[in-house]
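Below are the chains, spelled out letter by letter.
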Amino acid sequence: MAKKIKTLRFDTDWQYDPAPESASAAKINAQYDLFIDGRWQKPQSGKYFETINPANEKTLSRVAGSNEKDVDRAVRSARQAYEKVWKKMAPAERGKYIFRIARMMQEKARELAVIETLEGGKPIRESRDFDVPTAAQHFFYYAGWADKLDYAFPNKKVAPLGVAAQIIPWNFPLLMAAWKIAPALATGNTVVLKPAETTSLTALKLAEIIQEADLPHGVVNIITGAGKTGVAMVNHPDVNKIAFTGSTEVGKIIQHSIAGTNKRSTLELGGKAANIVFEDAAIDQAVEGVVNGVYFNQGHVCCAGSRLYLQESIAKEFIQKLKDRVATLIVGDPMDKNTDIGAINSKNQLDTILKYIQIGKKEGSAIYQPACSLPKKGFWCPPTLFTDVAQSNRIVQEEIFGPVLAILTFRTDNEVIEKANNTPYGLSAGVWTDKGSRIFNMTRRLRAGVVWANTFNKFDAASPFGGYKESGFGREGGLHGLTPYLEII
Ligand code: NAD
Ligand code: MN
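Scope of this entry: the structure provided in the associated data block. (Residues numbered from 1 in each chain as written. Chains lettered and ligands numbered in written order. Predicted model: local features only at pLDDT ≥ 70, side-chain atom pairs only at ≥ 80, totals over all residues. Heavy atoms only, no water.)

**Some remarks on the site of ligand 1**
Then comes step 1: Around ligand 1, 24 residues are found, and the nearest of them are W170, E197, S247, L269 and E399.
Then comes step 2: S247 has a polar side-chain atom sitting 2.6 Å from an oxygen atom of ligand 1.
Then comes step 3: Within the backbone of L269, a nitrogen or oxygen atom sits 2.8 Å from a nitrogen atom of ligand 1.
Then comes step 4: Considered on its own, ligand 1 offers 820 Å² of accessible surface; in the complex 84% of this is hidden by protein.
Then comes step 5: Judged by its atoms lying within 2 Å of the grid points, ligand 1 is housed in the largest pocket.
Then comes step 6: Of all the elements in the fold, those that place two or more residues in the shell around ligand 1 are α8 (227–235) and β10 (241–245).
Then comes step 7: Considering every element that reaches the shell around ligand 1, the biggest residue donor is α8, with three residues.
Then comes step 8: The residue makeup of the shell around ligand 1, split by class, is 13 nonpolar, seven polar and four charged.
Then comes step 9: Taken domain by domain, the makeup of the shell around ligand 1 includes at least three residues from each of domain 1 (23–269 + 471–488) and domain 2 (274–461). (Near = heavy atom within 4 Å. Polar contact = N/O pair within 3.5 Å; in protein donor to acceptor, adjacent residues only side chain to side chain. Areas by Shrake-Rupley, 256 points an atom, 1.4 Å probe, with all protein chains shown as cover. 1 Å grid on protein atoms, 1.4 Å probe; cavity = no way out; pocket = protein on both sides within 12 Å on 5 of 7 lines; lining within 4 Å. Sits in = over half its atoms within 2 Å of the grid points. Helix = DSSP H or I, 4+ residues; strand = E, 2+ residues; numbered from the N terminus. Nonpolar A, V, L, I, M, F, W, Y, C, P; charged D, E, K, R; others polar. Domains from an automatic or database assignment.)

**Here's the deal with the packing of aromatic side chains**
Then comes step 1: Applying the stated criterion across every chain yields a total of 17 aromatic pairs.
Then comes step 2: Ring geometry for Y32 and W40: centres 6.3 Å apart, planes at 55°, overall tilted.
Then comes step 3: W40 gets classed as partly exposed once you look at its relative accessible area, which sits at 26%.
Then comes step 4: Following the ring pairs from residue to residue traces out a cluster consisting of F130, F172, W179, F296, W452, F456, F459 and F465.
Then comes step 5: Across the ring face of Y485, the terminal group of K241 is positioned such that the distance to the ring centre comes to 4.8 Å.
Then comes step 6: If you follow R438 out to its NZ or CZ, it ends over the ring of F278, 4.2 Å from the centre. (Phe/Tyr/Trp six-rings, centres within 6.5 Å; stacked < 30°, edge-to-face > 60°. Buried < 20%, exposed > 50% of the residue type's maximum accessible area, 1.4 Å probe, protein only. Lys NZ or Arg CZ within 6 Å of the ring centre and 35° of its normal.)

What follows is the structure in structure tokens.
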């Protein structure tokens, strides 16, 4: 048995000195128009809406709302650029533009990270060390493919599809924009992209970069707005391909809308990943992996390890170590370099998370939340874990999209595979064990697009990502990520 160690409490025993990043590293305009046909255009809707900092509820900027006319203008601009310029351009030339965007993102990395954190609520450490570099990596990676498509698909002929409508969520705003735009451009398509309504600013900064990079006008159009704008994009008759990341609910609506049309689609939807820890695993590393898996980015991660399955023999010890570790997590100002858990992205999302925490309690599970003093303004949720949980409980079956972990136990490999696969989702999973053969057995039988072994939430531009079942279909990233943007004959 592990010796019980006294846990130092961040809020009572000791504290780090604040180490804030400076908001002045970012230039944010008071108001943004739409980026269509290479220039900033006033919305025909005439409407603008506010975007706020979820850590203090202060207004950051106002962005344009797009109606059907605005969407139509953006799609026409993308069509024109496709027919007249982009599809005719030599692939190596297209690659040069994409490389240029990647380099410019690196040059502006600090500003992009600061804006991502101010508007999204995620810790600056994450936007600085993960979101922005990984977004740039995607552009570098796909720039490299632009003139090598014949090698990617030997003995086949490939052609672009045309205009791609791309709709992205608020949890990784810049990274999702990169996941969508980079492969579309490398394969010769043009783009209309819409960020989520609570996180428009880094996409608009990317529009500035694209303008500075002198990309031919209309190849990338970035328009802002909420769900209705997305509906108009999906239903526009001159769109060839829809790339969507977001909720399963909206994914289903999109599938209904495009049934019977020639529009291609990839949908990257929700998840409810199982993190499975066997008794032979390196326990302390697994504790870190579980913490990273579900509390990273406030749990606003479709592949978050929100279900933890512990082999019975280690459950008690593991849960104690996990609680001790969770008690040291620092919740607070996302701009502080010490912060582990930042602000919940919106009031709406916070309400959803709090609703699920109530459901967990009502279902009879035992809740653990470390004591931490949360700021008065803004949207916050302490790291939360539930024990005494049953497989059929809603907090096990449904996506919460917050820093909430449900802990269950198991005895055998077969039992845990059955339980892990028993949700409507199938995006990702994690396996912690010292046994190589067990890793192979598990990865083969887990119905999840990504299975991490002795690690979690690792991403690389060269690695495909995507789901099974209600987590959607199609793959983004890697060689696989080229396919959904091409006609392959
Ligand atoms: P959402 O699916 O409503 O929004 C995602 C994007 O789709 C946004 O840009 C939004 O404006 C747009 N959109 C909304 N309705 C649309 C429609 N009918 N047609 C076309 N586009 C539309 O997600 P949300 O409401 O912001 O979040 C709700 C839940 O979605 C979360 O709690 C979480 O479970 C899930 N989610 C998943 C991911 C992911 O990465 N898979 C990301 C964000 C949210
Ligand atoms: Mn929604």
